Amino acid sequence: MNIWDSFKIALSSIWNHKIRSILTMLGIIIGVAAVITIVAIGQGTKKQMTDELFSTDKNAIDIYYEYIPPEDDPEMMFWEEPELTSEDVQTLSKVPGVKAVVATNQGWGMMTHNDEQGEMQITGVGAEFFPARDIQVVEGRSLYAADNDGLNRVVLIDTIAREKFFKESENPIGEIINLNDNPYKVVGVYESPLPEQFRNKETGEMLMPRSVISMMFGNREIEQLKVIASDPENISETGRRAAETLTAVKGLENGKYSTNDFEDYERELNTMISLLTLLIGSIAGISLLVGGIGVMNIMLVSVTERTREIGLRKAIGATRRKILLQFLIESITLTSLGGLIGIGLAAIGSILVSEFSPITATVSPLIVLIGVSFSAIIGIIFGLLPANKASKLSPIEALRYE
Amino acid sequence: MMKLSNIRKVYGKGSLEVPVLHGIDLTIEDGEFVAIMGPSGSGKSTLMNIIGFLDYPSSGTYELNGEQIAAAKETTLAKLRNEHVGFVFQQFFMFPRDNAIKNVASPLVYAGVSKRERTARAKELLVKVGLGDRMKHLPNQLSGGQKQRVAIARALVNNPTILLADEPTGALDSNTGEQIMKLFTQLNEEGKTVIIVTHEEEIAAYAKRIITIKDGLITDDRRVTT
Ligand SMILES: Nc1ncnc2c1ncn2[C@@H]1O[C@H](COP(=O)(O)OP(=O)(O)OP(=O)(O)O)[C@@H](O)[C@H]1O
Ligand SMILES: [Mg+2]
């Protein structure tokens, strides 16, 4: 008698008590389905959150000003952020580990050209912006340092704006456009970084020297400062160094420059997810425990019901080990089957979650493996007692059992 | 050949002790046809179960073919049950969801015989006991006599030397009982040692040796000469 025979006997006995088996498996099914769905969703969420945090700006880190109230007057909440200049950008770009600096400001404007009108977001940049952000200029030129210094009223429009405001055959380079009733010269067209599916809703964006934005809109010349690290691994370290350098260069007293620590973020995110996983995991664990006890209970009932069968098997030569194995395999088959059904439900659940929410939940083969082995182990643990009880029956007393 | 010496059996423990066998000495040669008789409660089934390794004596020795059986060694007893004896019960005892072939073949599963050979052996024996046309029937589709034939085929499937039957005709009418006894006679003539327990003189009359037990002791042991 091999394992396969025992397995077939086990399957047929499960099949012969369909309803009972399903009810018994329910605890395991729910437990496994819960665990796997939660793990799948958890992994999906984590992936999505890390993607959001890191993917767009994997090696860029913000540097911002932080006000520190003077010690003798901590109530003093009135401060002015120091002005940053192209010189500061130069200084920062020389900090070790810094590959590039992105210094920008923002403006909005109503653009009119060829009887078309549209509201445009304008980003003020320096020459260093183009290589740092990997901007592809498809027509004309990019911005020069001289454009900033000379306050040249020139703009680059993106491909979306080009399509909206210019005819295909028309050459936009050198054209004068109207922005908030002021003339600007188009010197280039750059590829819009927006993904294709979002482009038709947008009116497009444009880039212009940040000194011009500052002059025309009254903004500070540098509103947003980012450094890009040459090694993404050391981004937090590089950011800190850049912030310290800037603080020192500016000779600040009641303030300093800081960065967000990505490692902190990631750590926080991880603790949150592990906490959630722990919570759900313990709920699922209790469900599996209850399921396991259910299996044990039904196996004990089964042993009692089949006392005569066990007696007969022993009378025709089954050893204690064979009986033990048979019942153990039966309970393992029961729980593994429950586990498989649970995994199936979890897979369906994950598909639904992925379909109707932004999270992509995936049931990985590893989780499936762990799920099945886990249910099998539950089968072993909770099947041992009933199987042992069955194996210890004396053949003659078992046969006499009414 | 089997040799039982001073076999005693006590059920229960302490104040609940029930002594059933009080020292049985019994030797049965290969090829014998023995009937064990005696009043109800005298210990016939207890003795049969010990002979068939379903139970073990409280004291005394049991030699099979010159070898002493180490009492109460579970695996040894299971192997002996599987290989050396075939047991037939009054209540037939079938696996209710298995057809005749599977029921007959069941001991071979524990002997590690391949499925194909199991089926072949089972079919052969079902033909031998006259059930060639009932092979695929389930136990509840068979009459009592037919079930007992299936049980006999099952007892024979491992080709044991000893066939044990505890009141095999007890649940059958006299006509069917006679047919079963004819089958046992035939098997004995083919060389099997047959030991049956019975209440009925007519059934015992098929045997060549009749042992009578009273209160756990052998009171009579006579050979029938024809
Ligand atoms: N497991 C047991 N525990 C206690 N006493 C038992 C047990 N099995 C049998 N007995 C007792 O042993 C005695 C002999 O029983 P046994 O079944 O051997 O009798 P028997 O000769 O086969 O009787 P019958 O002809 O009615 O079948 C009886 O008094 C019975 O009550
Ligand atoms: Mg009896």
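For the structure itself, consult the block above.
The model shown is predicted, which means the values in this text are computed figures rather than measured ones.

### Section: the interface of chain A and chain B
Interface size is commonly expressed as the accessible surface area that is lost when the partners come together.
No. 1: If you look at the interface, chain A gives 20 residues, while chain B gives 21 residues.
No. 2: Both sides together, the interface formed by chain A and chain B hides about 2,000 Å², and carbon and sulfur atoms give 61% of it.
No. 3: At the surface where chain A touches chain B, the tally comes to one salt bridge.
No. 4: Between A:Lys314 and B:Glu74 there is a salt bridge, with the nearest N and O atoms lying 3.5 Å from each other.
No. 5: At the junction of chain A and chain B, the tally comes to five residue pairs in polar contact (both at pLDDT 80 or more).
No. 6: Among the elements of the structure, helix H1 (3-16), helix H10 (307-315), helix H11 (320-356) and helix H13 (395-400) of chain A are those that each provide at least two residues to the side of chain A that touches chain B.
No. 7: Here the side of chain A that touches chain B gets six residues from one element, more than from any other, and that element is H10(A).
No. 8: Residues belonging to the side of chain A that touches chain B are distributed by class as follows: eight nonpolar, four polar and eight charged.

### Remarks on the site of ligand 1
No. 1: For ligand 1, the set of nearby residues contains 13 residues, the closest of which are B:Ser40, B:Gly41, B:Lys44, B:Ser45 and B:Thr46.
No. 2: Each of chains A and B places residues next to ligand 1.
No. 3: Measuring from a nitrogen atom of ligand 1, one finds a side-chain N or O atom of A:Arg400 at 3.3 Å.
No. 4: At 2.5 Å, a side-chain N or O of B:Ser40 approaches an oxygen atom of ligand 1.
No. 5: Coverage of ligand 1 by the protein amounts to 66% of the 630 Å² it exposes when considered alone.
No. 6: Split into classes, the residues belonging to the shell around ligand 1 amount to three nonpolar, seven polar and three charged.

### Brief notes about the side chain of B:Gln148
Residue and element names in this part refer to chain B.
No. 1: Along the chain, Gln148 falls in helix H5 (residues 144-156).
No. 2: Accessibility expressed as a relative area gives 0% for Gln148, which makes it buried.
No. 3: Looking at Gln148, its side chain comes within polar contact range of the main-chain oxygen of Pro168, at 2.9 Å.
No. 4: Discounting residues that sit within four places of it in the chain, Gln148 has contacts with Val88, Phe89, Gln90, Phe92, Pro168, Leu172 and Ile180.

### Brief notes about the environment of B:Ala155
All names here are of chain B.
No. 1: Here Ala155 lies in helix H5.
No. 2: Distance from Ala155 to Ala165, taken between C-alpha atoms, is 9.5 Å for residues 10 residues apart in sequence.
No. 3: Those residues within four positions of Ala155 in sequence are excluded, and the remaining contacts are Gly86, Phe87, Val88, Pro160 and Leu163.

### Comments concerning the layout of surface pockets
Where empty space is left in the structure can be found by rolling a water-sized probe over the atoms.
No. 1: Of the pockets and cavities examined, the largest pocket occupies roughly 1,000 Å³.
No. 2: If you go around the largest pocket, you meet 33 residues; those closest to its centre are A:Ile9, A:Arg313, B:Phe95, B:Arg97 and B:Asp98.
No. 3: Listed by contribution, the elements that provide at least two residues to the lining of the largest pocket are H1 and H10 of chain A together with helix H3 (100-111) and helix H4 (115-128) of chain B.
No. 4: Per-element tally for the lining of the largest pocket: the top contributor is H1(A), with six residues.
No. 5: Split into classes, the residues belonging to the lining of the largest pocket amount to 12 nonpolar, eight polar and 13 charged.
No. 6: Looking at the second largest pocket, its volume works out to about 670 Å³.
No. 7: If you trace the second largest pocket, you find 22 residues lining it, with A:Phe129, A:Arg133, A:Ile135, A:Pro193 and A:Glu205 closest to the centre.
No. 8: Within the residue set of the lining of the second largest pocket, elements represented by two or more residues are strand S2 (98-113), strand S3 (116-125), helix H4 (129-133), strand S8 (205-209) and strand S9 (224-229) of chain A.
No. 9: Along the lines of polarity and charge, the residues of the lining of the second largest pocket split into seven nonpolar, eight polar and seven charged.

Rules used in this analysis
- Residues numbered from 1 in each chain as written.
- Chains lettered and ligands numbered in written order.
- Predicted model: local features only at pLDDT ≥ 70, side-chain atom pairs only at ≥ 80, totals over all residues.
- Heavy atoms only, no water.
- Contact = heavy atoms within 4.5 Å.
- Buried area = accessible area lost by both parts, 1.4 Å probe.
- Salt bridge = Lys/Arg side-chain N within 4 Å of Asp/Glu carboxyl O.
- Polar contact = N/O pair within 3.5 Å; in protein donor to acceptor, adjacent residues only side chain to side chain.
- Helix = DSSP H or I, 4+ residues; strand = E, 2+ residues; numbered from the N terminus.
- Nonpolar A, V, L, I, M, F, W, Y, C, P; charged D, E, K, R; others polar.
- Near = heavy atom within 4 Å.
- Areas by Shrake-Rupley, 256 points an atom, 1.4 Å probe, with all protein chains shown as cover.
- Buried < 20%, exposed > 50% of the residue type's maximum accessible area, 1.4 Å probe, protein only.
- 1 Å grid on protein atoms, 1.4 Å probe; cavity = no way out; pocket = protein on both sides within 12 Å on 5 of 7 lines; lining within 4 Å.
- Points joined across faces, edges and corners; volume = space filled by probe spheres on them.

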